[in-house]
Amino acid sequence: FKFRDPLFGLDRQRALRLAELIGKLPRKIQFSVESRIDLLRPETLRALRDAGLTSVTVGIETPHEETLRHYKRVPIKDDKQREFVETCRRMGIRTVAGFMIGFPDDTEKSIERVLSYARQLNPTYANFNIVTPYPGTQFFAEAKQHIAELDFGKYDVYHAVLKYRHLTPQRVMELHGQCFERFYF
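Caption draft 1: Local environment of a nonpolar patch on the surface. Residues Y125, Y184 and F185 make up a contiguous nonpolar surface patch of about 390 Å² in total accessible area. With respect to the helices and strands, F185 occurs in the segment after α7 (169-184).

Structure below.
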């Protein structure tokens, strides 16, 4: 099973206590967590791994700090990201890193940089998503002038639903497919 909590590990004592309690279960279980790199210290990862943690999903999003800041995301330094992935690898914990492409100002070059960074970081798995402003979120309200598609059936991170300054929605979707192709093959 998976703990889908983007703030998993914020309360370290709680995470360590959870690992302790899971470790006391009558049967060994396997689980994964979704969190932020800056919330999972090596000692927490070690305790969770010993209790059955097999993988960690984290959002890298983009190596472009200015884009992260523009969309009110907190950048995490490249060296911290690399250190996290390496620490997990040494501990035998798989990493699933989420990357975002298709911001309104993206270019082919900026999307190529996301792919290049994903390959350098070398998580166990990389997941590339097209930026999607979900209805009801603050991002949806902020991105209103960039929304090109109102068919909410296409709001699935695989369809380009925004207006882009330098790319067509079709090209964003092609580059999205190429990110997967070139990362894995």
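Caption draft 2: Up close: the sheet that holds strand β2 (residues 31-35). The strand order β1-β2-β3-β4-β5 describes an open sheet built from five strands, whose pairing is parallel. Edge strands, defined here as strands with exactly one partner in the open sheet, are β1 (2-8) and β5 (125-130). Averaged over all pairs of adjacent strands, the angle between strand axes in this sheet comes to 20 degrees, irrespective of strand direction. Sheet topology places β2 next to strand β3 (residues 53-61); five bridges connect them, and they run parallel.

Caption draft 3: Focus on the packing of helix α2 (residues 42-51) against helix α4 (residues 78-91). The geometry of α2 relative to α4 is characterised by a closest axis approach of 11 Å and an angle of 30 degrees between their N-to-C directions. Looking at the two axes, α2 sits roughly parallel to α4. As α2 packs across α4, the resulting crossing turns out to be right-handed. When α2 is examined against α4, the residues P42, L45, R46 and R49 are found in contact with a partner set consisting of F84, T87, C88 and M91. Of the residues belonging to the contact of α2 with α4, the class tally is five nonpolar, one polar and two charged.

Parameters at a glance
Residues numbered from 1 in each chain as written. Predicted model: local features only at pLDDT ≥ 70, side-chain atom pairs only at ≥ 80, totals over all residues. Heavy atoms only, no water. Patch = residues over 30% accessible without salt bridge, like charges linked within 9 Å, V, L, I, M, F, W, Y side chains within 5 Å. Areas by Shrake-Rupley, 256 points an atom, 1.4 Å probe, with all protein chains shown as cover. Salt bridge = Lys/Arg side-chain N within 4 Å of Asp/Glu carboxyl O. Helix = DSSP H or I, 4+ residues; strand = E, 2+ residues; numbered from the N terminus. Pairing = 2+ DSSP bridges. Axes fitted to C-alpha atoms, helices over the stretch in contact; angles between N-to-C directions. Parallel < 35°, antiparallel > 145°, perpendicular 65-115°, else oblique. Left-handed = near helix turned anticlockwise from the far one by under 90°. Contact = heavy atoms within 4.5 Å. Nonpolar A, V, L, I, M, F, W, Y, C, P; charged D, E, K, R; others polar.

Everything listed here is a matter of geometry and, on its own, says nothing about what the molecule does.
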